[in-house]
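# Descriptive analysis of the structure
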Amino acid sequence: MNYLLEIKAFYDWLEVNQLSTSGIVLWHALMHIANKTGWQDTFTVATVVLSTKTGLKRDAFYNARTALQNKGLISFKVRTGNQTAVYKINSFVSVTPTQTPTQVPTQTPTINKQNKTKQNKKERKPPNPLAGEVQPAAQGEVKKTKQEELREIRNSFVFPPALEKKVNEWLRYKQEKQQSYQPTGLHRLLAQIKNKCAEYGEQAVIQVIDMAIANNYQGILWTKITERKRGQGYGTGYGNYGANAAPAKPQKQQQYGDML
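Worth saying up front: this structure is predicted, and the values here are computed from it rather than measured. Within each chain, residues carry numbers counting from 1 in the order of the written sequence. Note on the predicted model: pLDDT of at least 70 is required for a residue's local features to be given, and 80 or more for side-chain atom pairs to be given and counted; whole-chain, interface and lining totals, by contrast, use all residues. Neither water nor hydrogens contribute to the side-chain values; these are computed over all heavy atoms in the structure.

### Here's the deal with the sheet that holds strand S3 (residues 85–89)
Note: strands within a sheet are paired through backbone hydrogen bonds, in either parallel or antiparallel orientation. If you trace the three strands from one edge of the open sheet to the other, you get S1-S3-S2, paired in antiparallel fashion. Each having just a single partner strand, strand S1 (43–45) and strand S2 (74–77) make up the two edges of the open sheet. Each strand axis lies, on average, 35° off the axis of its neighbour in the sheet, ignoring direction. Whether two strands pair comes down to DSSP finding at least two bridges between them. Helical segments are the DSSP runs of H or I of at least four residues, strand segments are the runs of E of at least two, and each set is numbered from the N terminus. Simply put, an axis is a line fit to the C-alpha atoms, just over the touching stretch for a helix, and the angle between two N-to-C directions goes from 0 to 180 degrees.

### Thoughts on the side chain of Lys 174
Structurally, the position occupied by Lys 174 is in helix H7 (residues 161–176). Put simply, Lys 174 is tucked away with no salt bridge, and the nearest opposite charge, on Glu 176, sits 11 Å away. The contact definition used throughout considers only heavy atoms, calling two residues in contact when any of these lie within 4.5 Å. Other than its neighbours up to four places away in sequence, Lys 174 contacts Gln 179, Ser 180, Tyr 181 and Gln 218. Categorising residues by exposure relies on relative accessible area from a 1.4 Å probe, with only protein chains included: less than 20% of the type maximum marks a residue as buried, more than 50% marks it as exposed, and the intermediate range marks it as partly exposed. In this tally, Asp and Glu contribute negative charge and Lys and Arg positive charge; neither His nor the terminal groups of the chain are included. By definition here, a salt bridge exists when the distance from a side-chain nitrogen of Lys or Arg to a carboxyl oxygen of Asp or Glu is within 4 Å.

### Considering the pairing of S2
Covered by surrounding structure in S2 are Ile 74 and Phe 76 only, the residues Ser 75 and Lys 77 on the alternate face being uncovered. Relative to S3, S2 runs antiparallel, the two sharing four bridges. Bridge assignment links Ile 74 to a residue of S3, and that residue is Ile 89.

Given below as structure tokens:
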């Protein structure tokens, strides 16, 4: 027998077969003694010696020895009187047709190894992407990070200086609320600001963004641009609110900041 090959094959066998800790300890003790005898086909050893080597008590020892024989790992013969039992280790590696008890434990690790080899070969193949799944970047193509994509979208929109400053203030406000935009949402927001600026003017857009920040809104309420409440409205330049209709007594025109 080859000591190392037998131990390796034993642990391969344990991957698909159950054996108690006592059985494992006893198998190693018997293998150690068999090795000291020069791998004789059979050998004798006293029960007290095996108990000392394994640390197993009487009942645990007998149960483990019976389990090893039932699983075909060893054979033993109890003799009468004070004679010690005769043991035989059934090899995992060298199996002949006459060694019926060892055929099951020897063949099982071999089959298990073959299955593992096939499984490893399958795992080496890259999985096919699911339908709709984002494909990895092609060779030589550098994939952009999320921050790079957001920066690129932001730089693609240019606003007048005052509105540019207000847009940056809104983005910082959303970041402080831990509601930062994703690339699609950022592009849609900036496109809305551009369109509203062209339609209603720069000051109107600045004021509605100011209103959203001051009132802790989740988003910008674009309806506030055209909404007229309580007789107030935006002036032609959209920089100031109009005065309340009160012909008897003229009032001072309100600035947007006066409403906060």
